[in-house]
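Chain by chain, the residues run as shown.
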Amino acid sequence: MIYDVIIIGGGPAGLTAGLYAARARLNTLIIEKGADGGQIATTDEVENYPGAPEDSTGPSIVARMAKQAESFGAKRASDEIVEVDFSDKIKILKGKKEEYKAKSIIIATGAVPRTIGAPGEKELTGRGVSYCATCDAAFFEDLEVFVMGGGDTAVEEAIYLTKFARKVTIIHRRDELRAAKSIQEKAFKNDKIEFMWDTVITEIKGDAMLESFVVKNLKTGEEKEIFPDEDDGAFGIFVFVGYLPATKLFDGIINLDNGYIVTDDNMKTNVPGVFAAGDNRVKSLRQVVTATADGAIAAVQAEKYIENNFEE
Ligand code: NAP
């Protein structure tokens with residue numbers, strides 16, 4: 001079977017592309033390797049997606065997007081694409097389970113959390129080191145947690161973590177947060193949040209579980225090791241130091257800039273019939289609202305591409 005359009009990724013960009021493509025009566029398949037939603041699925045509160053109900057959570061918004069795309073006939077596949085061949089007019093995607101063919105492709109693979117790169121970080125991921133507050137906050141009920149990062153994500157997730165943790169310390173490498181002022185204000189007002197400025201984590205230690213970690217003050221050069229409170233016996237580190245585009249698969253196949261996919265305003269990549277949408281492409285603002293906009297544009301352009309290149 002040759003699809004009109006295959007969308008790789010089931011986050012806001014991919015699901016919106018699916019909605020628009022299916023609504024245009026294109027034979028549409030959305031392939032997602034894990035759970036729908038990408039980064040937004042691990043976000044508790046979403047307050048800046050226009051028109052969303054006040055109590056919207058990331059998962060609730062994603063579930064509505066998926067339902068809407070499916071209601072217009074977008075098909076779904078759960079598979080991980082491991083190889084792509086864009087050399088012919090019909091594009092081929094090789095998944096772990098199946099091979100897929102389409103007249104056009106929309107790459108909506110999003111981005112993955114960036115790691116700090118400290119020794120011990122990888123080994124202790126899931127053992128006290130986490131990249132997802134909504135997934136892991138409950139493990140730290142009444143304990144102390146440390147959040148590395150100073151952007152919107154770090155500060156928002158730190159605020160969320162105060163619902164569970166006894167105390168949340170934001171560790172930031174500068175003396176000023178990058179997060180939006182409105183988010184900063186909330187954090188400064190929160191009694192449970194403390195700050196460790198000009199500091200980075202240089203080593204994370206523990207055998208089976210996180211036991212301690214070393215921080216370094218970048219201004220004074222002073223290093224110290226931090227242990228859990230004796231009564232607690234455990235604590236957690238949440239890392240939110242940005243994201244990296246999930247585009248390795250396309251390296252050498254489509255034009256990338258620092259790993260981000262280069263597109264024009266119509267979401268076209270340098271390969272005819274291949275479009276990109278969402279956080280994986282070069283752009284100035286990475287939000288749900290811009291991801292959905294990208295998805296809509298990519299689908300409309302895919303429709304035009306098919307009309308011009310395939311139909312008599
Ligand atoms: P970000 O804005 O890139 O911030 C990353 C933070 O991590 C920065 O504070 C950065 O420090 C720090 N950092 C980076 N590498 C580091 C390292 N190796 N060691 C220590 N610290 C490091 O990433 P983000 O907060 O995940 O946000 C990503 C995008 O999503 C942004 O465009 C953001 O606006 C958007 N977003 C928006 C919302 C919202 O509107 N509600 C919520 C979440 C995310 P420096 O500040 O010193 O560079």
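These numbers were taken from a predicted model, which means no experiment stands behind them.

Would you mind going over the UniProt feature "domain: FAD/NAD(P)-binding" (unreviewed entry) in the chain in detail, with residue names and values included?
Under the UniProt annotation, "domain: FAD/NAD(P)-binding" (unreviewed entry) lies at residues 3–295. The span residues 3–295 is 19% helical and 29% strand by assignment, and the distance between its end C-alpha atoms comes to 17 Å.

Please set out the packing of helix α4 (residues 152–161) against helix α5 (residues 181–189) residue by residue, giving values where relevant.
Helices that pack against each other are described as a pair by the angle of their axes relative to one another and the distance between those axes. Interaxial distance between α4 and α5 falls to 10 Å at its minimum, and their mutual angle equals 35°. Remark: the crossing between α4 and α5 carries left-handed chirality. Across the interface between the two elements, Asp 152, Val 155, Glu 156 and Ile 159 of α4 pack against Ile 183, Lys 186 and Ala 187 of α5. Here the contact of α4 with α5 is composed, by residue class, of four nonpolar, no polar and three charged.

Could you give me a rundown of the side chain of Ser 130, with the residues and numbers involved?
Among the structural elements, Ser 130 can be located in strand β8 (residues 129–130). At 3.0 Å, the side chain of Ser 130 forms a polar contact with the backbone nitrogen of Cys 132. Those residues in contact with Ser 130, other than ones at most four positions away along the chain, are Asp 136, Ile 237, Phe 238 and Val 239.

Hey, could you go over the pattern of salt bridges for me, with residue numbers and the actual values?
For the structure on display, the rule yields 14 salt bridges. Of the charged contacts, one joins Glu 47 and Lys 186 as a salt bridge, the two residues approaching to 3.1 Å between their closest N and O atoms. Of this pair, Glu 47 sits in the loop between β2 (28–32) and α2 (58–71) while Lys 186 sits in helix α5, and the two are 139 residues apart along the sequence. Linked through salt bridges whose partners overlap, the residues forming this network are Asp 36, Glu 70 and Arg 76.

Any chance you could break down the packing of aromatic side chains for me, citing the residues and the numbers?
A full pass over the atoms with the stated rule returns 11 aromatic pairs. An angle of 75° between the planes, with centres 5.5 Å apart, marks the rings of Phe 140 and Phe 238 as edge-to-face. Of the two residues, Phe 140 is situated in the loop between α3 (133–136) and β9 (144–148) and Phe 238 in strand β15 (residues 235–239); the sequence distance between them amounts to 98 residues. Summarising the burial analysis for this pair, Phe 140 and Phe 238 share the class buried.

Before we move on, can you summarise the packing of helix α1 (residues 12–23) against α2 with the specific residues and values?
Where α1 contacts α2, the two axes come as close as 8 Å, and the packing angle between them is 25°. What the angle tells us is that α1 and α2 run roughly parallel. Here the hand of the crossing between α1 and α2 comes out left-handed. Contacts from Pro 12, Leu 15, Gly 18, Leu 19 and Ala 22 in α1 reach Val 62, Met 65, Ala 66, Gln 68 and Ala 69 in α2. A class-by-class count of the residues in the contact of α1 with α2 yields eight nonpolar, two polar and no charged.

An account of the domain arrangement of the chain is needed here, citing residue identities and associated values.
Looking at the assigned domains, one finds that the chain contains domain 1 (2–113 + 243–309) and domain 2 (129–239). If you average the C-alpha positions of domain 1 and of domain 2, the two centres end up 33 Å apart. Both faces combined, the contact of domain 1 with domain 2 buries some 670 Å², and carbon together with sulfur accounts for 45% of it. It is Thr 42, Asp 44 and Glu 47 that lose the most area in domain 1 upon contact with domain 2, and together they represent 59% of the buried surface on that side. Between domain 1 and domain 2 we count one salt bridge in total. Linking domain 1 to domain 2 there are one residue pair in polar contact (both at pLDDT 80 or more). Among the residues making up the side of domain 1 that touches domain 2, the classes are represented as two nonpolar, two polar and three charged.

Basis of the calculations
Residues numbered from 1 in each chain as written. Predicted model: local features only at pLDDT ≥ 70, side-chain atom pairs only at ≥ 80, totals over all residues. Heavy atoms only, no water. UniProt positions renumbered as here; feature names shortened; annotations may be inferred. Helix = DSSP H or I, 4+ residues; strand = E, 2+ residues; numbered from the N terminus. Axes fitted to C-alpha atoms, helices over the stretch in contact; angles between N-to-C directions. Left-handed = near helix turned anticlockwise from the far one by under 90°. Contact = heavy atoms within 4.5 Å. Nonpolar A, V, L, I, M, F, W, Y, C, P; charged D, E, K, R; others polar. Polar contact = N/O pair within 3.5 Å; in protein donor to acceptor, adjacent residues only side chain to side chain. Salt bridge = Lys/Arg side-chain N within 4 Å of Asp/Glu carboxyl O. Phe/Tyr/Trp six-rings, centres within 6.5 Å; stacked < 30°, edge-to-face > 60°. Buried < 20%, exposed > 50% of the residue type's maximum accessible area, 1.4 Å probe, protein only. Parallel < 35°, antiparallel > 145°, perpendicular 65-115°, else oblique. Domains from an automatic or database assignment. Buried area = accessible area lost by both parts, 1.4 Å probe.

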